[in-house]
Amino acid sequence: MTASTRMLKPGDTIGILGGGQLGRMLAMAAARLGLKCQVFSPDPDSPAFDVVQHATCAEFADVEALELFANDVDIITYEFENVPSATALVLAARRPVLPSQKILETTQDRLIEKDFITRLGIGTADYADVSSVETLHAAIARIGLPAVIKTRRFGYDGKGQAMIREGDDIDQVWEDLGTKSAILEAFVPFEREISVIAARSCDGHVECFDVTENEHRDHILKISRAPAAIPAELAAEARSVAEKIAHALNYVGVLGVEMFVVETKNGPTVLVNEIAPRVHNSGHWTLDGASISQFEQHIRAIAGWPLGKPIRHGAVVTMTNLIGDDILSYEEWLTVPGATVHLYGKGPPRPGRKMGHVTEVVPADRK
Ligand code: AMP
């Protein structure tokens, strides 16, 4: 049995590594298609546990628990990209793991990821490998300031990164970052941030959702709008970049590609910031704003089923994240005409914690 030939049938079980809101929404999409899910997460309060009948609460290093989990499921996927390599290897020896372990290795490390994107001839911010304060000074001399320093691994929502501006104490920045493994990126004076959510099937067919425009607050996604207010040619370029990446990775499932729109003397173009090998927050609008959601698309892809052709409902779809105390206003959102409220069933709100989101579809006649 290979990952690419196995086709799930209704009633089969998908194993999901990670129990956050992405796992929860994947499991709900799978249920709609008659598939079961079993969630593996070390956190007993995982929001995804609430929506599945079978869950494994164990550490990712617990080989025995991983083996039992693998035996219970037909195929395995994940909802976050920092699944340890060793975990994926134990599982892959027993069941197909999609997307593959090799893809995790590329996307878990910002340097390997940027080298991979560059080899494809796709633009990124100028970047340099930084492994010591000396190499940081040399990188700044080459790239200039302002610049952004990022840890190579385990960074998300702005964690593990810092802006460096003219006049900053470089030695102190390096010490504060607390790693020996980082990259320096030129600061990109972007016009806007966009993302493409793409799905690739086992037989190599790719479907992209409408390009989405993203606004961040405190480095965390706050609002997404689809379609992005960009020229059609630029949207086509962005989709083709995502498609090229999906093919080059021999990807199966949904991936999110975050991009910066920058002005050049030849007009606007895109630079890739990051690849997320999973469903992505900027694709949540598809739950209510398109004929097929990113979650269902991912399930179909890994199940070996045909992808859907996503058709957007309405002229514009907006997704607003409820972060931290934003959740306290959920009752107000419930009364907003046309709004659809999604609450993740998490415990107490904390600053930066994604607690839910709201989608609003603006019909074409009210654009
Ligand atoms: P990341 O963790 O790489 O996705 O970065 C989080 C956010 O920080 C991005 O969505 C941007 O808003 C900002 N950012 C990251 N890298 C850069 C860069 N090289 N230039 C400008 N802004 C950046």
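Before going into details, it helps to say that this report is about the structure given with it. (Residues numbered from 1 in each chain as written. Predicted model: local features only at pLDDT ≥ 70, side-chain atom pairs only at ≥ 80, totals over all residues. Heavy atoms only, no water.)

In this section: the sheet that holds strand β6 (residues 147-151). The antiparallel open sheet is built from four strands, whose spatial order is β5-β8-β6-β7. Since the sheet does not close on itself, it has two edges, and those belong to β5 (127-130) and β7 (161-164), each with one partner. In this sheet, adjacent strand axes meet at a mean angle of 25° when their direction is disregarded. The pairing of β5 with strand β8 (residues 182-186) spans four bridges and is classified as antiparallel. (Pairing = 2+ DSSP bridges. Helix = DSSP H or I, 4+ residues; strand = E, 2+ residues; numbered from the N terminus. Axes fitted to C-alpha atoms, helices over the stretch in contact; angles between N-to-C directions.)

A word on the packing of aromatic side chains. Applying the stated criterion across every chain yields a total of five aromatic pairs. On the numbers, 5.0 Å between centres and 5° between planes, the contact of Phe 190 with Phe 260 is stacked. Placement of the pair is Phe 190 in the loop between β8 and β9 (192-200) and Phe 260 in strand β13 (residues 253-264), with a sequence separation of 70 residues. An angle of 80° between the planes, with centres 6.3 Å apart, marks the rings of Phe 209 and Trp 285 as edge-to-face. A residue pair is termed long-range when its members are at least 10 positions apart, and Phe 209 in the loop between β10 (206-208) and β11 (212-217) and Trp 285 in the loop between β14 (267-276) and α9 (286-289) qualify at 76 residues. Classification of Phe 209 by relative accessible area gives buried; the value is 2%. Its relative accessible area of 1% is what places Trp 285 among the buried residues. A connected cluster of aromatic rings, assembled from ring pairs, spans Phe 40, Phe 60, Phe 69 and Phe 80. We note Arg 153 situated over the ring of Phe 154; from NZ or CZ to the ring centre the distance is 5.4 Å. (Phe/Tyr/Trp six-rings, centres within 6.5 Å; stacked < 30°, edge-to-face > 60°. Buried < 20%, exposed > 50% of the residue type's maximum accessible area, 1.4 Å probe, protein only. Lys NZ or Arg CZ within 6 Å of the ring centre and 35° of its normal.)

Let us now look at the site of the ligand. Lining the immediate surroundings of the ligand are 16 residues, of which Lys 150, Gln 161, Val 188, Glu 193 and Glu 274 lie closest. Interatomic distance of 2.9 Å between a side-chain N/O atom of Glu 185 and a nitrogen atom of the ligand. A distance of 2.6 Å is found between an oxygen atom of the ligand and a side-chain nitrogen or oxygen belonging to Glu 193. Relative to its free-state accessible area of 480 Å², the ligand is covered by the protein chains to the extent of 93%. For the shell around the ligand, the elements supplying multiple residues, two or more each, are β6, β8, β13 and β14. (Near = heavy atom within 4 Å. Polar contact = N/O pair within 3.5 Å; in protein donor to acceptor, adjacent residues only side chain to side chain. Areas by Shrake-Rupley, 256 points an atom, 1.4 Å probe, with all protein chains shown as cover.)

The computed volume of the second largest pocket comes to approximately 280 Å³. If you go around the second largest pocket, you meet 17 residues; those closest to its centre are Met 25, Met 28, Leu 287, Ser 293 and His 342. At the level of secondary structure, the elements contributing two or more residues to the lining of the second largest pocket comprise α1 (21-32), α9, α10 (294-303) and β16 (339-343). Per element, the largest residue contribution to the lining of the second largest pocket is five residues, and it comes from α1. (1 Å grid on protein atoms, 1.4 Å probe; cavity = no way out; pocket = protein on both sides within 12 Å on 5 of 7 lines; lining within 4 Å. Points joined across faces, edges and corners; volume = space filled by probe spheres on them.)

Another aspect to go through is the nonpolar core. In this structure, Ile 14, Leu 35 and Ile 299 are the most contacted members of the largest nonpolar core, which totals 39 residues. Secondary-structure elements contributing two or more residues to this core are β1 (13-17), α1, β2 (36-41), β9, β12 (220-226), α10 and β15 (316-323). Counting residues per element, this core draws most heavily on α1, which supplies six residues. The two domains that each donate at least three residues to this core are domain 1 (13-97) and domain 3 (192-366). Once you skip the residues sitting within four places of it in the chain, Ile 14 turns out to touch Leu 8, Ala 30, Leu 35, Lys 36, Cys 37, Gln 38, Val 73, Ile 75, Thr 77, Ile 299 and Ile 302. Core analysis: the next-biggest nonpolar cluster, separate from the first, contains 29 residues, Ile 122, Val 206, Val 211 and Val 241 among them. (Core = buried A, V, L, I, M, F, W, Y, C linked by side-chain atoms within 4.5 Å. Domains from an automatic or database assignment. Contact = heavy atoms within 4.5 Å.)

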